[in-house]
Number of protein chains: 2
Amino acid sequence: MNSLFVFNIGALVTNDPGRGGLLGVVQEGAVAIIDGVIDWVGPEADTPADYGDLLRLDAGGAAVLPGFVDPHTHLVFAGDRSDEFARRLRGESYEEILAAGGGILSTVEATRSASEDELYEAATERVWRMLANGTTTVEVKSGYGLDVATEEKMLRVVARLEESLPIDVVPTFLGAHVLPAEYREDRNAYVELVCGEMLDACGPLARFCDVFSDEAAFTVDETRRILEAAKERGLDARVHADQLGRVGAAHLAADLSAASADHLDHATDEDLLTMRAAGTVAVLLPAVSFSMRLPYPDGRRVWDSGVTVALATDCNPGTAYVESMPFVVALAALNMGLTPDEAVWAATRGSARSLKLDDRGHLVRDAVADLVILDAPTHLHIPYRPDADLVAAVVKSGVVL
Amino acid sequence: MNSLFVFNIGALVTNDPGRGGLLGVVQEGAVAIIDGVIDWVGPEADTPADYGDLLRLDAGGAAVLPGFVDPHTHLVFAGDRSDEFARRLRGESYEEILAAGGGILSTVEATRSASEDELYEAATERVWRMLANGTTTVEVKSGYGLDVATEEKMLRVVARLEESLPIDVVPTFLGAHVLPAEYREDRNAYVELVCGEMLDACGPLARFCDVFSDEAAFTVDETRRILEAAKERGLDARVHADQLGRVGAAHLAADLSAASADHLDHATDEDLLTMRAAGTVAVLLPAVSFSMRLPYPDGRRVWDSGVTVALATDCNPGTAYVESMPFVVALAALNMGLTPDEAVWAATRGSARSLKLDDRGHLVRDAVADLVILDAPTHLHIPYRPDADLVAAVVKSGVVL
């Protein structure tokens, strides 16, 4: 049963520009869903007569939003880095932690050692928590394998998540996440491995290719080589760009017409304008700043540049073990200078655009019927009650979860 | 059934100084509870033979903590200030909002208009969410009435919460929260009302008396008058102290041997030493800084002064609509310079001390058997996963909720 009539909605966020305001809010709204797709949206008083036979869901006057789209996660991983996290809170540097065997390479080691089933089970728990927080589409990256077999294993896990759970999963190949220890003396050989054998194996399992382009990871030239090799195999580009310093990665992302450039802590105004012209979406990740106690990128400046803005959790075991998009919306509104309206739009419509999915992130005729019903009268409660579980119910493709 | 044997605990936080370290962690621990009180705590391998007949709860290797104690809340209120919150995020000043009829006085108006049942029902929902987040003792203040009838009504609601819900509720009279509009021209008359008729009516319903001592609220002299009048009626003192500026309220709290001085954003080192000597506990409220986007008080400095530190949500509709003590622990560790261990201690043992409750906040023989079972192997996951619902189960006075 994936046809449904949702009524008695207090404030209905449609993101439909035809309805006025950024969020196109309909008061006392209703949504009619046929076969998992939105058939009609509007004020309940205007409902056409055709929907009398549908299953009916009473929203009880609550706010309804498009399902959240989380366009940047690393949720397939093994291991536990809470102890490393606590050490950093006590003042240890990341370099000291790396030297003691911590950091991302400890996650690589644990992920290589874990079986596909173990990875799948741990990731499944994370996806269910995301669903409970209203995420209905999630991007998931590889990148803790850094060898052909483990990168492929991670992407098989991503495919199993997509097949088995009521969420749409977008797979991204991130073989160029960080240089693995065994290639420390020969980085060119690793880039060639990624561009050749690894992409041959992983490309068919992925929709996007991402590269961590940074002084501590891959140069802009290496990034270009990898993303061009991926493009030949039909993968669109995403880039971890200018997070730790300005290396020109956001500019490269625009140059390659990448779907997104993510992080952007050090992107310049000119970089943002170049991205805007190329249609490259800016994916902001406030949970990293929160968890790492770093300055937040200026979301206000990014938004005002005219580039399309998206929000994501960056869910990962090192720098942001965060799963809730409402929490990310709260952080963006409280700490990045976005208004609550802009943050909600970025976490739904902006995020969908960053994944090149035009059929979601808004509630309009023919869109995928992904809805979040809040336990609150308006979306303003998301930053107002930052620790609350405000998601009362989730509708995925017309099915109430 | 309030006798119970909890076993297969991974890391058991006892806060027992006899067990070493700040948190007195027992690995592979167990807890035996008889008639709602702790009878025995220790490594499971050392369990005495006497507990074979008890109901048994398998913690599945998870961490177990003392129940959280939340020693500063304003959770009885009516009205919704999410719109005001969003306006502040867009840059409006509190003064502009006050002038437009917002701010605390709008909560006073809504609370005066609400029936006792309406207040009770809204507060009950908040308390259940607190319980779900592991709070087993909560202090609740009046202070949105500012007239005798409404202050009394609020404290009757607090008494009903205590009677009807599986949580211990500590009532605090806060008639001197802010000057009501109708006394703007005659503040002395309001102070006399508080010290006389209001305390006569409310004193018997309260354990503590609190005053918001600040330039925007009550002077240090007024605070002293009110707290001394309360003391004559058997109420111990708490003080909202030096939040917006240094007015000498923390010093006064120490001078009056107050149970706590709360906020303390502007307290000096000397104030803290005076509090330490007097045994006045410092209650820190990081959710206010988070929600109001203000600098955090330096928890490190407060802790290092030697004063006893507690943590609280300050749950209220204006400056911190936060209910989760784990979220407060995460904020304190991430933003106030406390270690995760110190933050957990402050949210349990420190908070219990601030309420003069020596029988809780630690897991030792004869303590109230309030336990939190985490969905995590150690308490370090609380700051590591700041948005996660990490409370798997709560035991209140030996009963599994």
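This structure is a prediction, so every number in the text was calculated from the model and none was measured. (Residues numbered from 1 in each chain as written. Chains lettered and ligands numbered in written order. Predicted model: local features only at pLDDT ≥ 70, side-chain atom pairs only at ≥ 80, totals over all residues. Heavy atoms only, no water.)

With that out of the way, let us pick up the environment of B:Gly36. All names here are of chain B. Take Gly36: it is sitting in the loop between β2 (26–34) and β3 (37–43). Residue class for Gly36 comes out buried when judged on its relative accessible area of 7%. Residues Gly36 and Leu4 lie 32 residues apart in sequence; the distance between their C-alpha atoms is 8.4 Å. Not counting residues up to four positions away in its chain, the partners in contact with Gly36 are Asn2, Ala367, Val368, Ala369, Ser397 and Gly398. (Helix = DSSP H or I, 4+ residues; strand = E, 2+ residues; numbered from the N terminus. Buried < 20%, exposed > 50% of the residue type's maximum accessible area, 1.4 Å probe, protein only. Contact = heavy atoms within 4.5 Å.)

Attention now goes to the pattern of salt bridges. Residue and element names in this part refer to chain A. Applying the stated criterion across every chain yields a total of 62 salt bridges over all chains. Salt-bridge contacts for Arg87 lead to Glu92; the nearest nitrogen and oxygen are separated by 3.6 Å. Residue classification places Arg87 among the buried positions, given a relative accessible area of 18%. Looking at Glu92, the relative accessible area reads 30%, which means it is partly exposed. Salt bridges linked by common partners bring Asp168, Asp359, Arg360, Asp370 and Lys396 together as one network. (Salt bridge = Lys/Arg side-chain N within 4 Å of Asp/Glu carboxyl O.)

Before going further, it helps to examine the confidence of the model for chain A. Confidence in the prediction for chain A averages 96 pLDDT; 100% of positions are at 70 or higher. Quick note on the complex model: pTM equals 0.97, ipTM equals 0.95. (pLDDT = per-residue confidence, 0-100.)

Over the atoms, a rolled probe matching the size of one water molecule traces out where space is still vacant. Residue and element names in this part refer to chain A. Applying the stated criterion across every chain, the model contains 5 cavities of 30 Å³ or more. Its residues assigned to classes, the lining of the largest cavity shows 4 nonpolar, 3 polar and 1 charged. By volume, the second largest cavity is sized at about 40 Å³. Considering the residues around the second largest cavity, the lining is formed by Pro66, Gly67, Val69, Thr136, Thr137, Arg360, Gly361, His362, Leu363, Val368 and Asp370. Within the lining of the second largest cavity, the residues separate by chemical class into 4 nonpolar, 5 polar and 2 charged. (1 Å grid on protein atoms, 1.4 Å probe; cavity = no way out; pocket = protein on both sides within 12 Å on 5 of 7 lines; lining within 4 Å. Points joined across faces, edges and corners; volume = space filled by probe spheres on them. Nonpolar A, V, L, I, M, F, W, Y, C, P; charged D, E, K, R; others polar.)

The subject of this paragraph is the packing of helix α12 (residues 325–335) of chain A against helix α13 (residues 340–354) of chain A. Residue and element names in this part refer to chain A. Axis separation between α12 and α13 bottoms out at 8 Å; the angle between their running directions is 135 degrees. Judged by the inter-axis angle, α12 sits oblique to α13. For the pair α12 and α13, the crossing hand works out as right-handed. Every residue of α13 that contacts α12 at Met325, Val329, Ala332 and Ala333 is listed here: Pro340, Ala343, Val344, Ala347 and Ser351. (Axes fitted to C-alpha atoms, helices over the stretch in contact; angles between N-to-C directions. Parallel < 35°, antiparallel > 145°, perpendicular 65-115°, else oblique. Left-handed = near helix turned anticlockwise from the far one by under 90°.)

All names here are of chain A. With parallel pairing, 8 strands are arranged side by side in an open sheet as β6-β7-β8-β9-β10-β11-β12-β13. In this open sheet, the two strands that pair with only one neighbour each are β6 (68–70) and β13 (309–311). Across the sheet, the mean angle from the axis of one strand to that of its neighbour is 25 degrees, orientation sign disregarded. Note that strand β7 (residues 135–141) and strand β8 (residues 168–176) share 5 bridges and pair parallel. Residue Lys141 lies in a different strand from β8, and its bridge partner there is Thr172. Across the sheet, α12 is in contact with β6, β7 and β13; its angle to β6 comes to roughly 85 degrees. (Pairing = 2+ DSSP bridges.)

Ranked by size, the top nonpolar core spans 228 residues in total, and within it A:Leu75, A:Val76, A:Leu161, B:Leu75, B:Val76 and B:Leu161 carry the most contacts. The next biggest cluster of nonpolar side chains, apart from the first, holds 21 residues, and it includes A:Ile38, A:Ala62, A:Ala367 and A:Ala393. (Core = buried A, V, L, I, M, F, W, Y, C linked by side-chain atoms within 4.5 Å.)

Turning to the relation of the copies chain A and chain B, a few remarks are in order. When chain A is fitted to chain B, the residual RMSD is 0.0 Å, and the transformation amounts to a turn of 180 degrees plus an axial shift of 0.0 Å. On the angle and the small slide along the axis, the relation comes out as a two-fold axis. Ranked by how close their C-alpha atoms come to the rotation axis, the residues of chain A are headed by A:Asp387, at 3.5 Å. (Least-squares fit on C-alpha atoms with pLDDT ≥ 70 in both.)

A few words on the environment of A:Leu12. Residues and elements named next belong to chain A. Among the secondary structure elements, Leu12 is positioned in strand β1 (residues 4–12). Note: C-alpha distance between Leu12 and Arg301 (289 residues apart in sequence) is 28 Å. Once residues within four sequence positions are removed from consideration, Leu12 is found in contact with Gly24, Val25, Val26, Gly29, Ala30, Val31, Val41, Val64 and Leu363.

This paragraph deals with the sheet that holds strand β8 (residues 168–176) of chain B. All names here are of chain B. On the basis of which strands lie adjacent, the open sheet formed by 8 strands has the order β6-β7-β8-β9-β10-β11-β12-β13 and parallel pairing. Lying at the two open borders of the sheet, with one neighbouring strand each, are β6 (68–70) and β13 (309–311). On average, adjacent strands in this sheet sit at an angle of 25 degrees to one another, irrespective of strand direction. In terms of strand pairing, strand β11 (residues 260–263) meets strand β12 (residues 281–284) through 3 bridges, oriented parallel. Bridge pairing in β12 places Asp262 opposite Val283.

Residue and element names in this part refer to chain A. By secondary structure assignment, the location of Arg238 is in strand β10 (residues 236–241). A relative accessible area of 0% means that Arg238 is categorised as buried. A distance of 3.5 Å separates a polar side-chain atom of Arg238 from the backbone oxygen of Pro71. (Polar contact = N/O pair within 3.5 Å; in protein donor to acceptor, adjacent residues only side chain to side chain.)

Taken together, the contacts link 33 residues of chain A with 33 residues of chain B. With both sides pooled, the region where chain A packs onto chain B buries about 3000 Å², and carbon together with sulfur makes up 64% of that total. Broken down residue by residue, the surface that chain A buries against chain B is led by A:Leu334, A:Tyr384 and A:Asp387, which jointly contribute 25%. The interface formed by chain A and chain B contains 1 salt bridge. Residue A:Glu323 pairs with B:Arg385 through a salt bridge whose shortest N-O separation is 4.0 Å. Run the count over chain A and chain B and you get 12 residue pairs in polar contact (both at pLDDT 80 or more). Taken together, the residues of the side of chain A that touches chain B break down into 17 nonpolar, 7 polar and 9 charged. (Buried area = accessible area lost by both parts, 1.4 Å probe.)

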